[in-house]
Amino acid sequence: MAVIIGASGWLGLTRARYATVQAVSGGVHIEGLIGAPNYINPVLAGTNQVDKTLVRFIYSGLTQISPTREVLPDLAESWEIFDEGKTYVFHLRNNVTWHDGVDFTADDVVYTINVLQNENFQGVLRGAVTGVAVEKIDDYTVKFTLPSPSAFFLYDIATGIVPKHILESIPVSDFQSAYQLEQVVGTGPFMIDKASDVTSIALKRFSGYYGKAPFIDRLVFFFFDTEKSMLASLKNRTISAAGFSQLGPSDVGHLPGVDEFVYNLPQYKGLFFNQAGGNNAIRNQAVRQALAYATNKQLIVDEVEGGWADIANSPILPGFWGHKPDLATYDFSIAKAAEVLKKDGWVDVDKDGVLEKDDTRLQFTLTIRNDEKSVSTAELLSSSWTAIGAEVLVEPLDSQTLIKDAIRPRAYDVLLFGQDLGADSDPYVYWHSSQTVDPGLALAVTFDKDLDNNLEAARTTTVLNKTITYYHQFQTAFAQTVPAILLYQPRYLYLVDTKVKGVTDQINLATPVDRFANISDWYIKIKKELE
């Protein structure tokens, strides 16, 4: 008996030592989200983060973007590029079905593009296909003809394709009013299971998915009004994962049994100069350079964001095409700022503490949103800028007034604001002079040929190395002319129960939704096997 018991114990130890863990199908992942769903449809999702999250699992595009922002095949298994980047021919998979069992074909692709181009469609995706001609070659081949070459079309076409057989009877103008949950049918790895318009929605794994099948059986999403209430739910394990953009590690504290993943958001907080606004001081390049030297970015990050952000210097952020890591920067130095101004001829003639040059005083208005962080940032900026002889008038406005009376008419000298770059790798819309008039997104009002020419050239070549070269030249010109002072890039904190494996922070986020870029690798259930 002793020998048997001893042998059993030895066998158990041997099994424990030589067993390997293997992921298997099964399990439920429960996620918290801020907000609520409106339209779970890729053409209607807009900027609603809940809609965009659910769409990610339910629908597929012709292409998909990898965790490292590379273009990969999806509904299209391959493509060809002709006419120096003006013509794209996509060869579609022929083994794809919609969640209701109907075959996916080129008709669905053509229909989706026609919806986006419809005069009654005013969604954010319209611009990506403006002027693009789409043609069905056969059931599994589609041709796109662009008005001009584009280095970003393969990214643009990653948007979800919608089912023609379900939506074609609905006029595009009625898409929102006629929307029903029963219409939510995609080709993605998950499909609608059970849903509630108020508190939660559940997805189940689609058994007919053409791609790599996810391990997790079901995804359940609960909706919250605030990050604090979502955190409380995570602490009591009502949910098993949640992402935070407002709360950092110091707010969350240590949660046992929870893994932390930190991402940089594709956003920056910055100071945008309006060189067409009538303020002669702001038009002066030496002044803008001096203000850059006199901006203590690290102090702002520490004091305003509690250290929970990364200093930004380039308009093309790390992880985006063409980011220039060795870009010249303006390291904080009051002495250097003063030297730049003195060399350019700025002096305090009347000894009132404000510098002058010719008939221009170094005086300007800093327009901000009237919130705690913006006010604190403005106080820090005013203190250091005053130290170099500038007179700063801070203008705090409520959000609605800021947009209506300042940003849209570009009625400011210097604007403190944040920009969300989203999935767009092309900085053209944020910095080209043609975009400085509303509804354009360029907040730094400047007209510089070096900026414009390089941005134009970068988006019309399909050779990646050439695109990167133009972007490097654009950033060099940006550093020299200082159309804006970028302050910092916010971080995103994702907390996940340790039982959920496969989650990674090695992802270049275009939006927080991209934390699910490798969802097919996530798993909860395991089995052990002897080697």
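Reading guide: rules and limits
- Residues numbered from 1 in each chain as written.
- Predicted model: local features only at pLDDT ≥ 70, side-chain atom pairs only at ≥ 80, totals over all residues.
- Heavy atoms only, no water.
- Helix = DSSP H or I, 4+ residues; strand = E, 2+ residues; numbered from the N terminus.
- Rg over C-alpha atoms; globule rule 2.2 N^0.38 Å.
- Buried < 20%, exposed > 50% of the residue type's maximum accessible area, 1.4 Å probe, protein only.
- Contact = heavy atoms within 4.5 Å.
- Areas by Shrake-Rupley, 256 points an atom, 1.4 Å probe, with all protein chains shown as cover.
- Polar contact = N/O pair within 3.5 Å; in protein donor to acceptor, adjacent residues only side chain to side chain.
- Pairing = 2+ DSSP bridges.
- Axes fitted to C-alpha atoms, helices over the stretch in contact; angles between N-to-C directions.
- Right-handed = clockwise from strand over helix to strand, strands pointing away.
- Left-handed = near helix turned anticlockwise from the far one by under 90°.
- Nonpolar A, V, L, I, M, F, W, Y, C, P; charged D, E, K, R; others polar.
- Salt bridge = Lys/Arg side-chain N within 4 Å of Asp/Glu carboxyl O.

Chemist: Explain the overall build of the protein chain to me, please; I cannot follow it from the model alone.
Modeler: Along the backbone of the protein chain there are 16 helices and 22 strands. Computed over its C-alpha atoms, the radius of gyration of the protein chain comes to 27 Å, within 12% of the 24 Å expected for a compact globule of 531 residues. Looking at the protein chain as a whole, 50% of its 531 residues are labelled buried. Contacts in the protein chain between residues at least 24 apart in sequence constitute 69% of all its contacts with a sequence separation of at least 6. Just so you have it, the protein chain exposes about 24200 Å², and 50% of that area is on carbon and sulfur atoms.

Chemist: Explanation requested: helix α2 (residues 49-58) in the structure shown.
Modeler: In an α-helix, one turn spans 3.6 residues, which is why side chains three or four residues apart end up on the same side. In terms of burial, α2 is largely enclosed, as 7 of its 10 residues are buried. Listing the buried residues of α2 in full gives V50, D51, T53, L54, V55, F57 and I58. Elements in contact with the buried residues of α2: β2 (28-34), β9 (190-195), β10 (200-205) and β11 (218-224). For α2, the capping residue at the N-terminal end is N48, with a side-chain oxygen 2.9 Å from the backbone nitrogen of V50.

Chemist: How should I be thinking about the sheet that holds strand β5 (residues 76-82) in this particular structure?
Modeler: Within a sheet, neighbouring strands are paired by backbone hydrogen bonds and run either parallel or antiparallel to one another. Within the open sheet, the 4 strands sit side by side as β5-β6-β8-β7. Their pairing is antiparallel. Edge strands, defined here as strands with exactly one partner in the open sheet, are β5 and β7 (133-138). Pairs of neighbouring strands in the sheet enclose a mean axial angle of 20°, with direction left out of account. Inspection of the sheet shows strand β6 (residues 87-92) paired to strand β8 (residues 141-145) by 5 bridges, in the antiparallel sense.

Chemist: Explain the pairing of strand β19 (residues 391-397) here, please?
Modeler: Consecutive residues of a regular strand have side chains that alternate between opposite faces of the sheet. Pairing analysis gives 7 bridges linking strand β18 (residues 363-369) to β19, with the strands arranged parallel. Note on β19: the bridge partner recorded for T365 is L393. You can see the chain leave β18, run along helix α12 (residues 372-386) and come back into β19, and the turn it takes is right-handed.

Chemist: How should I be thinking about the packing of helix α10 (residues 297-304) against α12 in this particular structure?
Modeler: Relative placement of two packed helices is described by the angle separating their axes and the distance separating the axes. One can describe the packing of α10 onto α12 by two numbers: an axis separation of 10 Å at closest approach and a directional angle of 145°. Once α10 is placed against α12, the crossing between them reads as right-handed. For the pair α10 and α12, the contacting residues are L299, I300, E303 and V304 in the first and K373, S376, T377, L380 and L381 in the second. Partitioned by chemical class, the residues of the contact of α10 with α12 number 5 nonpolar, 2 polar and 2 charged.

Chemist: Is there a simple way to think about the pattern of salt bridges in this case?
Modeler: Two side chains that carry opposite charge are able to pair once their charged atoms sit near each other. Counted by the stated rule, this structure contains 21 salt bridges. The shortest N-O distance in the salt bridge between K136 and D139 comes to 3.1 Å. A relative accessible area of 38% means that D139 is categorised as partly exposed. When the shortest N-O distance is used, the salt bridge between D371 and R369 registers 2.8 Å. By relative accessible area, D371 is classed as partly exposed at 24%. We classify R369 as partly exposed; its relative accessible area is 35%. Here the salt bridges do not stand alone but share partners, grouping D350, D352, E356, R361 and E391 into one network.

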